[in-house]
Structures are given as structure tokens and as C-alpha cells.
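Structural characterization, general
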Protein chains: 2
Amino acid sequence: MRSKAEPSLSALPAVLPWKAGLKGLHTVAGFRTAALHCGLKRAKGNPDLALIYAEEPGAGAGVFTTNRVCAAPVRLSRAHLAKSKGAPRAIVINAGNANACTGEQGAQDAARMAASVAELLNLKPTEVLVCSTGLIGQLLPMPRVEQGIAKLCGMVAKKPKSGDFARAIMTTDLVPKPASAQIKVDDATVSFAGACKGSGMIMPNMATMLGFIVTDANIAPNPLQAALSQVTERTFNCLTVDGDTSTNDTVLLLASRKAAHPPITQAKGKAFAAFVDGLYAVCDDLATQIADDGEGAEHLVRVFVLGAESPVACKQIALTIANSPLVKTAIAGKDPNWGRILAAAGRAGVEVDAAQCELHFEIQGQAYPLFKAGRPLAFDGPAISKAMDARELNVVLRTGPSKHAAMVRTCDLTHGYITINAEYHT
Amino acid sequence: MRSKAEPSLSALPAVLPWKAGLKGLHTVAGFRTAALHCGLKRAKGNPDLALIYAEEPGAGAGVFTTNRVCAAPVRLSRAHLAKSKGAPRAIVINAGNANACTGEQGAQDAARMAASVAELLNLKPTEVLVCSTGLIGQLLPMPRVEQGIAKLCGMVAKKPKSGDFARAIMTTDLVPKPASAQIKVDDATVSFAGACKGSGMIMPNMATMLGFIVTDANIAPNPLQAALSQVTERTFNCLTVDGDTSTNDTVLLLASRKAAHPPITQAKGKAFAAFVDGLYAVCDDLATQIADDGEGAEHLVRVFVLGAESPVACKQIALTIANSPLVKTAIAGKDPNWGRILAAAGRAGVEVDAAQCELHFEIQGQAYPLFKAGRPLAFDGPAISKAMDARELNVVLRTGPSKHAAMVRTCDLTHGYITINAEYHT
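This structure is a prediction, so every number in the text was calculated from the model and none was measured. (Residues numbered from 1 in each chain as written. Chains lettered and ligands numbered in written order. Predicted model: local features only at pLDDT ≥ 70, side-chain atom pairs only at ≥ 80, totals over all residues. Heavy atoms only, no water.)

It is worth spelling out the overall build of chain A at this point. Along the backbone of chain A there are 11 helices and 15 strands. Put simply, chain A has 426 residues, and 64% of those count as buried. The contacts of chain A with a sequence gap of at least 6 include a subset with a gap of at least 24, amounting to 79%. With the model as given, the accessible surface of chain A reaches about 15200 Å², and the carbon-plus-sulfur share is 53%. (Helix = DSSP H or I, 4+ residues; strand = E, 2+ residues; numbered from the N terminus. Buried < 20%, exposed > 50% of the residue type's maximum accessible area, 1.4 Å probe, protein only. Contact = heavy atoms within 4.5 Å. Areas by Shrake-Rupley, 256 points an atom, 1.4 Å probe, with all protein chains shown as cover.)

Disulfide: a covalent bond connecting the sulfur atoms of a pair of cysteines. Taken as a whole and assessed by the stated rule, the structure comprises zero disulfides over all chains. Cysteine A:Cys357 is unpaired, with the sulfur of B:Cys101 as its nearest cysteine sulfur at 8.5 Å. A residue is classified by how much of its surface remains accessible, and A:Cys357, at 1% relative accessible area, is buried. Lacking any disulfide linkage, B:Cys314 is separated from the closest cysteine sulfur, that of B:Cys238, by 10 Å. You can call B:Cys314 buried: its relative accessible area is 0%. (Disulfide = S-S within 2.5 Å.)

To continue, consider the packing of aromatic side chains. Residues and elements named next belong to chain A. The full count for this structure, using the stated rule, is six aromatic pairs over all chains. Each ring, one from Phe165 and one from Phe212, has its centre 5.8 Å from the other, and the planes form 85°; the classification is edge-to-face. Separated by 47 residues along the polypeptide, Phe165 in helix H4 (residues 165-168) and Phe212 in strand E8 (residues 210-215) bring together distant segments of the chain. Classification of Phe165 as buried rests on a relative accessible area of 3%. (Phe/Tyr/Trp six-rings, centres within 6.5 Å; stacked < 30°, edge-to-face > 60°.)

Residue and element names in this part refer to chain A. With 12 residues, helix H1 (residues 72-83) should reach 16 Å at 1.5 Å per residue; the first-to-last C-alpha distance of 17 Å fits that figure. For H1, the complete set of buried residues consists of Ala72, Pro73, Val74, Leu76, Ser77, His80 and Leu81. Positive phi appears at Lys85, one or two residues downstream of H1, with a value of about 55°. (Expected span 1.5 Å × (residues − 1).)

The next point concerns the confidence of the model for chain A. Note: predicted coordinates in regions of low pLDDT should not be interpreted at a detailed level. Taken residue by residue, chain A gives an average pLDDT of 87. The fraction at 70 or more is 90%. Note on residues 200-207 of chain A: pLDDT is under 50 here. Beyond four places in sequence and across chains, it has 42 contacts. (pLDDT = per-residue confidence, 0-100.)

Now for the sheet that holds strand E12 (residues 358-363) of chain B. All names here are of chain B. Read from one edge of the open sheet, seven strands run E9-E16-E11-E15-E12-E13-E14, paired in mixed fashion. Edge strands, defined here as strands with exactly one partner in the open sheet, are strand E9 (239-240) and strand E14 (375-376). In the sheet, E12 pairs with strand E15 (residues 392-398) via five bridges, with the strands oriented antiparallel. Among the inter-strand pairings, Glu358 is bridged to a residue of E15, identified as Arg398. (Pairing = 2+ DSSP bridges.)

Another point: unusual backbone geometry. The backbone phi angle of A:Asn99 is positive, close to 45°, even though this residue is not glycine. A:Asn99 sits in the buried class, given a relative accessible area of 0%.

Residues and elements named next belong to chain A. Among the nine residues that make up strand E6 (residues 177-185), eight are buried, leaving the element largely enclosed by the rest of the structure. Where E6 lies against strand E7 (residues 188-197), nine bridges are found, and the strand directions are antiparallel. Bridging from a neighbouring strand, Val185 pairs with Ala188 of E7. As consecutive antiparallel partners, E6 and E7 are separated by two residues, and within that stretch Asp186 has a phi angle of approximately 50°, a positive value.

Residue and element names in this part refer to chain B. In space, the five strands of this open sheet follow the order E3-E10-E8-E7-E6, with mixed pairing throughout. The open sheet has two free edges, formed respectively by strand E3 (59-64) and strand E6 (177-185), since each of these has just one partner strand. Taken over all neighbouring pairs, the strand axes of this sheet differ in orientation by 15° on average, direction set aside. Bridge count between strand E7 (residues 188-197) and strand E8 (residues 210-215): six bridges; the pairing is antiparallel. Paired with Ala195 across the two strands is Phe212, which belongs to E8. The sheet strands contacting helix H5 (residues 221-234) are E3 and strand E10 (250-255), and the helix crosses E3 at an angle near 30°. Of the strands in this sheet, E6, E7, E8 and E10 are in contact with helix H6 (residues 270-292), which crosses E6 at around 165°. (Axes fitted to C-alpha atoms, helices over the stretch in contact; angles between N-to-C directions.)

Looking now at the packing of helix H8 (residues 325-332) of chain B against helix H9 (residues 338-346) of chain B. Residues and elements named next belong to chain B. At a minimum axis separation of 9 Å, H8 and H9 run at an interaxial angle of 160°. Considering the angle they form, H8 stands roughly antiparallel to H9. H9 is crossed by H8, and the crossing has left-handed handedness. Where H8 approaches H9, its residues Leu326, Val327, Thr329 and Ala330 are matched on the opposing element by Arg340, Ile341 and Ala344. Of the residues belonging to the contact of H8 with H9, the class tally is five nonpolar, one polar and one charged. (Parallel < 35°, antiparallel > 145°, perpendicular 65-115°, else oblique. Left-handed = near helix turned anticlockwise from the far one by under 90°. Nonpolar A, V, L, I, M, F, W, Y, C, P; charged D, E, K, R; others polar.)

Turning next to the environment of A:Glu351. Here A:Glu351 lies in the loop between helix H9 (338-346) and strand E11 (358-363). According to the relative accessible area criterion, A:Glu351 is exposed, its value standing at 52%. For the pair A:Glu351 and A:Thr399, spaced 48 residues apart in the sequence, the C-alpha separation amounts to 9.0 Å. Beyond its immediate chain neighbours, meaning those up to four positions away, A:Glu351 contacts A:Glu309 and B:Arg68.

For the rest of this paragraph, the subject is the pattern of salt bridges. Going through the model one piece at a time under the given rule, you end up with 25 salt bridges over all chains. A salt bridge links A:Asp293 to A:Lys177; its shortest N-O distance comes to 2.6 Å. Of this pair, A:Asp293 sits in the loop between helix H6 (270-292) and strand E10 (300-306) while A:Lys177 sits in strand E6, placing them 116 residues apart in sequence. We note that A:Asp293, like A:Lys177, is buried. A salt bridge links B:Arg302 to B:Glu392; the nearest nitrogen and oxygen atoms lie 3.2 Å apart. With B:Arg302 in strand E11 (residues 300-306) and B:Glu392 in strand E15, this pair connects stretches of sequence that are 90 residues apart. (Salt bridge = Lys/Arg side-chain N within 4 Å of Asp/Glu carboxyl O.)

Moving on, we come to H8(B). When you tally the buried positions in H8(B), you get eight out of eight residues, the bulk of the element. For H8(B), every residue scored as buried is listed here: B:Pro325, B:Leu326, B:Val327, B:Lys328, B:Thr329, B:Ala330, B:Ile331 and B:Ala332.

Another point: the environment of B:Ala166. Here B:Ala166 lies in helix H4 (residues 165-168). Those residues within four positions of B:Ala166 in sequence are excluded, and the remaining contacts are B:Pro176, B:Lys177 and B:Ala195.

A word on the packing of H5(B) against H6(B). Residues and elements named next belong to chain B. Where H5 meets H6, the axes come as close as 9 Å, and the angle between the chain directions of the two elements is 45°. What the angle tells us is that H5 and H6 run oblique. At the point where H5 passes H6, the crossing takes the right-handed sense. Between H5 and H6, the residues in contact are Pro223, Leu224, Ala226, Ala227, Leu228, Gln230, Val231 and Arg234 and Phe272, Phe275, Val276, Leu279, Tyr280 and Cys283, respectively. Residues of the contact of H5 with H6, tallied by class, amount to 12 nonpolar, one polar and one charged.

Take the pairing of strand E13 (residues 366-372) of chain B next. All names here are of chain B. In terms of strand pairing, E12 meets E13 through six bridges, oriented antiparallel. By the bridge assignment for E13, His360 is matched with Pro369. As consecutive antiparallel partners, E12 and E13 are separated by two residues, and within that stretch Gln364 has a phi angle of approximately 45°, a positive value. As paired elements, E13 and E14 share two bridges and run antiparallel to each other. By the bridge assignment, Phe371 is partnered in E14 with Pro376.

As a further point, take the environment of A:Ala287. Residues and elements named next belong to chain A. Relative to the elements of secondary structure, Ala287 occurs in helix H6. Owing to a relative accessible area of 0%, Ala287 belongs among the buried residues under this scheme. Here Ala287 is in contact with Thr235, Phe236, Leu239 and Arg409, once residues within four sequence places are set aside.

This is the structure in C-alpha cells:
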């Protein structure tokens, strides 16, 4: 897990340090997890099938890809989440095969995965969600998957503590991506633990982002979904590696409701706000880890845009900058190229007046001013370039006087990205 | 100029072969051009200042960047084109300095360039348009520019035939980009000649696209503008190298009205349609040359999308595919990666149903089917990869049954692009 070197202008919500460091999903009261290798990934012992099990009915929420070409498990999980009335009991996840572009058979296989878990754990099929990531266009080897599911269900029945969950959902991620946080809600301690995968690819490939978060908060399905949607807007939807949206992107959040605070039943009030803060801390951490592990990434970049006409306008400008190949290659080349950043801002589709723009880089706590009032400032190019040896960089652009702001996480565009994505043959 | 290997589904309009090959802008009746080195580019003898002069009032039209951060010459030319009532008499163009992000002084310098040309050629300042391309954020060295303008005006007064125009507008383009065509309008021969620059960069850089076309057609300003806007939508606006829009993009079209056909006064009818065909041929050629000379380009790619709910939807899908780094790197790697193409189509923001999609590559006249009815087809990967050794590739995606279609020109994303854009230091 990376350190949270946040720039001065975006104070992170106050979360409690969870004693003794990072915690797995299974350490949150009410949840069990298991993971194993069933043969979807080539390397033996490399886990590729995982299960999250909620011991009792709680609450669940989900956000799903907006890609029109979405995979069978996405369609199934969206439907099951609605039918379970926001109280799913299990999530089964496989890596190595995305079950996307697999037609009617793919839909049947996703349904079969849910049905198998339901049968073995004595749940309704609609209480089981399914996520898949990996190769697209290939049918799942269902006998292996069903054997794996049988073992997984046996494992969670025995209450194991599995540390392999974050590894089991990886595809070509270089590192597992776990996160955890605790907050206080009405004097009760509420825990969050999550894991995600992303920005890895498998032929014929796309970057899929999957995220799973569990909490023991006592929160009803409606405010849970509201919190996840809100926080996703500011974290996973403020994240880009190459602008490509996957067919399988999914973030799921389960609450066991075991924490000792009065139930949160509405998406408002102090307890809800505290819950959102905790969830933000975990999701920010996860989203940042994805950008940091972006394919070929040599820099972790946070693009802050302030002062535009609305929060949406700020985000649109920040995303346009973060997706600009010219900006991303300039950062890879350690070049403080204010011109490319201004030009990207100008084409974001919202009002931007260069005469009002102010731009600086923030590197290791130090500000490097580049542009103000319609003109570039005199700056020490070689010195900034040297400072850009640091892995982390904040691009801070103010486009006007408003109080609105947005922050997008991304990485640079390097030869590594080209090598990973071009030098692979079918 | 490159050959026009068009795929079967997009027949080019019938244009006459202009005898003895490519013609410069000065060969079109009513126009003179001149170019020289005034010191904006480093290499002596490398032309960096050019002039187009219309001997008599004709008609003019223009399309300009939509980037909110637009350069001083863009604002000036847009205003002058309106004030000249569509009959500009001269265009002065410099390369080496974009006069962008140069504040009030930049605006004064652009106005000074127009005023100098007007004075020397006995025109109104509002009859002169100005285009600049090159470095941004730096003030023009006006004494050099004014000296150059004085010489240029002397040259066009003497009716020179200058072949240097297309070279004078280049920045880091690898090759000059001229095009010409002739058509018949009511038995009269109408000529078009044009030149453009694009996809080259200069520090602190952005890709600027400039295009200049002259014709002797007898056409009024309103239909001329209508034709340019229509054709730009299908050519220069169906072109992408890296999705970055410049602050200076401009295409200007002048008509001397000397051709011997009845005047075209409205944007409809057979004569107008013939004019649009001729203009399309030139603009298609120019736009294709820009994609082919895209930074680091190893493949010229045409993305055809057919059958979506509207022409706009077709174009949106085609542009999303053409801008996808994953698609572009796959093509660089000669990988027939249908998954990345389908995934890009799915996130274009318009309705796409994978079950209705049909995808093939077209290489040197041969079709390579990849995907149909929601599933990948069995295909010979190594054979397609071998065929992708060819420089040109058509990606043909049908997403539904409609008759709508769009075609976007682009290039692949290679190590060359990263090297050009990252390995440069301020």
C-alpha cells in the first residue's frame, strides 16, 4: 500500500489508523473469504477463483461499467443485486477469463456460477453476485470452475482466514491492491476492508477494474448505495490510465451491519457523512493504487482542477488533461509542458479562459508555478525536470474563482505502455 | 502525395485527373503565392513565412479550432472573415511560432501582421487573414516578421510561381502535404489546389493542423462556407492522431470565381454537389496525408463504422475506436485485437449491441472477418498479423442495419510517438 502524500488543497477525511496495519476482507466482522487456483490462470498455485461470504443478511450496493458491450456477469450481478433487495450474501469472482463477448452460453455460465454457490451455501441464486476478469471471447471451462466453487464453499463453511483474496483477483497487475480503514460512528468503531484489481491486461485484452469492499457498518441498502455512488464518482470515476473503459468494470460493497451504532437509514446526517469518509479513504487508496500500477507507469499523477463553473466542469477538465497523450508523454519525459496542459483544458468542452488560468506543479510538497494570467511564467526548466524524478506529481490548475474542485488520478504514458500493449502477438 | 486505396464501401467522388500531376496553389487562376525564410525557423533557407494573394475580390470561407484556449491569429482571422463579408484577399502564414498564450501583445502582433500586408498590397486590414503555427507562449520577433512580409508582398506583386508554399507552413512534419483536383461544373473545368500541415510539434508543443485550399470556382461566400463546413465534418474532423485539439487549428478556402460556369449562389443543386465532390477529394487527400504523417506512425488506419442509429453516432463510434490507445497499440503490434475495438465501440456513448456487431479488417483489398453476432470468429491470427505488415489498414465495423456510415483517418501508437513526445526536454 502506498503512502498518502496528499497535496495541501485536498485534505483526506480523518480516519483512524487501523492498528497493526493492513487488514484483509475476512477480518471485518460478519465476512469470510476464500481463494484458490482452479486452473484459469496458467501458473499452478496462482489463485484465480475467490469468494466473499456474508454470514448473515446485511446490505449490498454496486456500481457497474457504462460500457454498452458489457459482459455476462455484469448483467447478472446488476439484476441479482436488484432482486436480492440490496442484501446479497455472496460474491464469486474469477480471474483469467472475463466471460465477455461469449453470447448466450456466457450468460448461462454466469448464472450457473451463482446457482452453484447458492446451492452449496444454502442461499437463493439471486443472493449471489458474479464477477469475471481476464481473456474475452472465450467460454469458461465450467467443470474446473464448478470444482473450484465446491472447494471454496467448503472453505468458507469452515471459517478460514484467507490472505489470498487480493491476489486471486489479479490479472496482470504487478502487485495486489488491498486497503483498509476505520472510522468512528456514534462512538462505535466501524471497519472497512477492500481489494481491487486493474490496469492489467490479458489477450485479447482490456483493462478491467474490479473492486470489493466490506464493512461492518450498520447501514441500510439505500444509503449504502448512495454512499458507494457518491464515493465512486470521486474515486474510481476520477481515475484513468488510458481512457479505455472495460466491459467488466464493477465495484461491490457489502455491509454486515454488525457494528454497535444506531442504524444509518438515510443518505444524510452526521453518521452517514462519517461512513462516506471511511468509504472514501478506502476507495481513494484503491483507486490511487490502480493509477500507480498503470501499465508502464513511471509517474503517479494527480490532476487537480479548481475554480471552474461547476464540480462536473472541474472533473471534465481534469479528465481531459489526465487522458491527453501529449500531457502524459510530457510527464514521462519530465518536461513541465504547461502548453499541452492548457491546450487539453481548452478542449474539455467547458468554458476555459486562458487569461484566468493559473497552473503549478506540486512535487514532494513544493510548488512550481508555470502559468498565470494568460502567460507562461519564467521558470527553471532543468530544476523542475530534476524534481520530476520523483514518482509522484500533482498538476494543479485553477481556471477561475469558484470554489469547485475535482481531482483525477492517472499515470504517465511511457515506452513501457507501448511495449505491454503493442509487443504482444495473438 | 499518397495513393488513394479506398475500400470498396466508400467510393471517392469522381474527380478528373489533373494532367501532369500535382499543382501548387499559384496555378489556380486568380491566385499568387510566395514563401521565404524570415528567421522563425532555425535552419537558414527553410521557409517559414508564406502569403496567398487573391488578385481580385472573390469569396472566402473558414473553419477554426473549437479549443477555448485559442491563439490570437485564430481570433483575428475569424473576425476578419466576418468583416470582409466572405471576401478576404490575402492570407499570411508563419511557422515556428504559434502566437498562442501571448496575451494582449500577441493580439496586437497578429493585427500588425494583417495591417502590414494590407498596407503593402493596398487592401483593407480586414481583408487579410493570419495563421501561425509553432512554439507557443513566446512573442513573435516582429521586426523579422515585418521585413519578411515586405519581401513577400513585393514577390506576389511580381506574379512569381512559388513552389515553396507547402514547405513554408511545415513545422516538424516529415513531408510537405499538397493536394489538387479538378472537376466539371456545367462543362466548365474547376480546379482546386491545397496544402496543409499537421501532426508535427515544436516545444512546448501541440499538434496544429493548418489547411489552405484555393479554387477558381464561381461560387458565392455562403455556399462556399457551407461546402467547407460540410466537407470539414467528413475530412479534417474525421481525423485524429492523438485526440489532442490544437489552439491554432484552421482551414481556409478561397475562391477566385474565375471559372466559366454560372455562379453557384446556393448550397444546393447539381453544380454545388459537384463543387463539394471536388473539395472533398482535396480535403480527403490532405487529411489522409496528416494521419499518414502522424507522429511515429507505422500504419495509416481508416476506421469505418456502418449501421449505427445516425451519421453522428457512426462518427462518434469511429472516433472513439480511432482514439483508443489500446486499439492503436494493438495495430502497432500487428495484432487483430477485436476485443479492444468492440470495447472502444461500447464506450462511445451511443447504443451498441455486441450481438449485432460485425467486424473485419480490410488490407490490400482483402477482407479478414473477426467478429460476428456477439462472438469472435475463428481466424488465422498469424496470417492476419503478417498481412498487417502493410502500411494501410481499414477497420470495418458494422453495428446495426442502418444505412448510415462514417470514416475516420488515424495512425497507430508506437514507440516513435513516445520518443518524439517524451524524450524532449525543456
